[in-house]
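Chain and residue survey
Each chain, letter by letter, is given below.
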Number of protein chains: 2
Amino acid sequence: MQYPEPIARLIDSYTKLPGIGPKTATRLAFYTLGMEEADVIAFAKSLQAVKADIAFCEICGNITSKDVNPCMICQDKSRDQSTVLVVQNSRDVMAMENTREYHGLYHVLNGVISPSAGTGPEDINLPSLIRRLSSNDQIQEVIVGTNANADGEATAMYIARLLKPANIKVTRLAHGLAVGSDIDYADQLTLIKAVEGRNEL
Amino acid sequence: MQYPEPIARLIDSYTKLPGIGPKTATRLAFYTLGMEEADVIAFAKSLQAVKADIAFCEICGNITSKDVNPCMICQDKSRDQSTVLVVQNSRDVMAMENTREYHGLYHVLNGVISPSAGTGPEDINLPSLIRRLSSNDQIQEVIVGTNANADGEATAMYIARLLKPANIKVTRLAHGLAVGSDIDYADQLTLIKAVEGRNEL
C-alpha cells in the first residue's frame, strides 16, 4: 500500500535532505500535515526564495542577498582591509563573526581541495582569491582558516605555496587544545600540535 | 551578525520541524541552497499540496486524497466488512497494511485520550466511531490497536467500556515478546504480559 500521492511526494522531498531517512521523512510529512497553514506556506516560500534571492558576493564568495552585492562585510570600509581570512564556507564566516574579535575581511572558498572527492583548486573559489590579491595591494596577510582535517590541511598547504611568490604573508589558524577540554580526552595529533605550538608564559 | 534574510527565514522554517534544532536547520538550509532548483521547487510545491490536497476519510478518518473520499480502503468491498481495527494514526494503518495479513476495515482516531496532555474522547476521532457502529450493523468486532503505552491502554479501556452496551465484540492486539527479541532484554511489564497471555502449544 502507498500513502496518498501528496504525502508520498512530500516524504520523497524530505528524504532528499541529508541525514533524513524514510522513517524520519514520514514523521516530518505527517507533522507538516498538522502544521498551521500559514507556517507551511511560509516554509514553501522560503525554500523558493533561498534559490531565487541568494547570491554569492562577487568579491569574497560569501552568501549575500541578491540586491546586496558586494556583501555587507566587503562593503564595510571600517574593517581592516589588510587582512583576509580564507574559510571553507559561509557558516565559518558566521562562527568567526560571532566571536566579535576578528575585524578583517574574508574569502569563502565554498569547498575544499579534496583529491579523494575529485575536487581540485579550479573547482572551488580559489582563482578569484588570486585575482583579488593581484588587483588589491592593500592586502598584506592571508590567514588560512580551512578545517583542521586532511583536506583542510592540504588546501592550506596549496594556498601557502601558491602565494609565496606574491610576497604576501600567509598564516594558519593555530592548532591545539580546545578551550575547556581535558588533555586525557584529546587525540594524539592534537596533543602533538599543542606541544609544537607551545607559547611562553 | 545575521545570515541574509532568505537563509535566515529558511533556517527558521526548518527549526519549526520536530527534532530539528538551530544547528541542523542551518545545515539543511545551506544544503537546500546547493540543491538542484527543480528539486527545491518540487519540495515547495509538495509542502503546499499536502495542506491543499489531503483530506480525512469521512468514514474512517484515515488520510486520503481530496478527490478520493471515502478512502480506497473504505471503498474496497472485497475487504472483510465485519471487522474494524481502531488505530491512533495513518502510519499505523500503513504498518498494518504492509503485513498484508489484515483484510478488515480501519478507524483512525488521529490521536489518543491523554489526561496529561488534556486530550479527551471528544478531541479525537471517537464520536464518529460510535456513529459508524450505530449506523452499520455489518460490523461485529472492533479490534483496539492503540499503542502499548499508558495513553494507548487508557484509550483502549475507554473504548471497551463505551462499546460494551452495544453488544459488539471488542478485542485488543496481543501484548508479549516482540518476535526475534531476547527475554533478558525485555522489560518487566512486557514479560508479565507475555506470561498472562501465554498460549498452549
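Each chain has its residues counted from 1, running along the sequence as written. Throughout, the order in which chains and ligands are written sets their labels, letters from A for the former and numbers from 1 for the latter. Where totals are concerned, whole chains, interfaces and linings use all residues; where local detail is concerned, this predicted model gives features only for residues with pLDDT of at least 70, and gives and counts side-chain atom pairs only at 80 or more. The basis for the side-chain values is all heavy atoms of the structure; hydrogens and waters are excluded.

In the annotation of an unreviewed UniProt entry, chain A is listed under the name Recombination protein RecR and assigned to Convivina intestini. UniProt lists a comment for chain A under the heading Function (unreviewed entry), and it reads "May play a role in DNA repair. It seems to be involved in an RecBC-independent recombinational process of DNA repair. It may act with RecF and RecO." UniProt positions are given in the numbering used here, feature names are shortened, and annotations may be inferred rather than shown by experiment. Taken verbatim from the UniProt record of chain A, the Sequence similarities (unreviewed entry) comment is "Belongs to the RecR family."

Only heavy atoms enter the contact rule, under which two residues are in contact if any of them lie within 4.5 Å. Taken together, the contact between chain A and chain B spans 49 residues of the former and 48 residues of the latter. The term buried area refers to how much accessible surface (probe radius 1.4 Å) is lost by two components on association, counted for both of them together. For the pairing of chain A and chain B, the buried interface totals around 4900 Å² over both sides, and the portion due to carbon and sulfur atoms is 75%. Its largest share of buried area at the contact with chain B, chain A owes to A:Met1, A:Leu47 and A:Lys51, together 15% of the area lost on that side. Each salt bridge in this description consists of a side-chain nitrogen of Lys or Arg and a carboxyl oxygen of Asp or Glu lying within 4 Å of one another. Here B:Lys16 and A:Asp39 are joined by a salt bridge, their closest N and O atoms 3.9 Å apart. Contacts described as polar in this section are N or O atom pairs within 3.5 Å, which, within protein, must combine one atom able to donate a hydrogen with one able to accept it, while residues neighboring in sequence count only if both atoms come from side chains. Run the count over chain A and chain B and you get six residue pairs in polar contact (both at pLDDT 80 or more).

This part takes up the relation of the copies chain A and chain B. We superpose the copies by least squares over the C-alpha atoms of residues that have a pLDDT of at least 70 in both of them. Here chain A sits on chain B after a turn of 180° about the axis and a move of 0.0 Å along it, with an RMSD of 0.0 Å. Here the symmetry operator amounts to a two-fold rotation axis. Ranked by how close their C-alpha atoms come to the rotation axis, the residues of chain A are headed by A:Ala44, at 2.1 Å. The share of interface residues of chain A whose copies in chain B are also at the interface is 98%, consistent with both copies meeting through the same surface.

Here the focus is the side chain of B:Asn62. Residue and element names in this part refer to chain B. Tracing the chain through its elements places Asn62 in the loop between strand 1 (54-56) and strand 2 (63-65). Each residue is assigned to one of three classes by its accessible area relative to the maximum for its type, calculated with a 1.4 Å probe on protein chains only: buried under 20%, partly exposed between the two thresholds, exposed over 50%. Looking at Asn62, the relative accessible area reads 4%, which means it is buried. Among all residues touching Asn62, those that are not within four sequence positions of it are Ala55, Phe56, Cys57, Ile73, Ser90, Val93 and Val108. Runs of E in the DSSP output that reach at least two residues are strands. Runs of H or I that reach at least four are helices, and both are numbered from the N terminus.

Moving on, we get to the packing of aromatic side chains. Centre distance within 6.5 Å is the pairing criterion for rings of Phe, Tyr and Trp, where only the six-membered ring of Trp is used; planes under 30 degrees apart are then read as stacked, over 60 as edge-to-face, and the remainder as tilted. Under the counting rule described, the total for this entry stands at seven aromatic pairs over all chains. Between A:Tyr3 and A:Phe30 the ring centres are 5.3 Å apart and the planes differ by 65°, which places this aromatic pair in the edge-to-face class. With A:Tyr3 in the segment before helix 1 (5-15) and A:Phe30 in helix 2 (residues 22-34), this pair connects stretches of sequence that are 27 residues apart. When its relative accessible area of 16% is taken as the criterion, A:Tyr3 is described as buried. A:Phe30 gets classed as buried once you look at its relative accessible area, which sits at 13%. Three or more aromatic residues joined by ring pairs make a cluster, and in this case those are A:Tyr14, A:Phe43, B:Tyr14 and B:Phe43.

All names here are of chain A. Each pair of strands is called paired provided DSSP finds at least two bridges between the two strands. Summarising the sheet, strand 3 (residues 83-87) and strand 5 (residues 141-144) pair through four bridges and their orientation is parallel. Paired with Val84 across the strands is Val142, a residue of strand 5. Strand direction decides the pairing type here: strand 5 and strand 6 (residues 169-172), joined by four bridges, are parallel. Each bridged residue has a counterpart across the sheet, and for Glu141 the counterpart in strand 6 is Lys169. Every crossover in which the path from the first strand over the helix to the second runs clockwise, viewed with the strands pointing away from the viewer, is termed right-handed. Once you follow strand 5 into helix 7 (residues 150-163) and on to strand 6, the crossover reads as right-handed.

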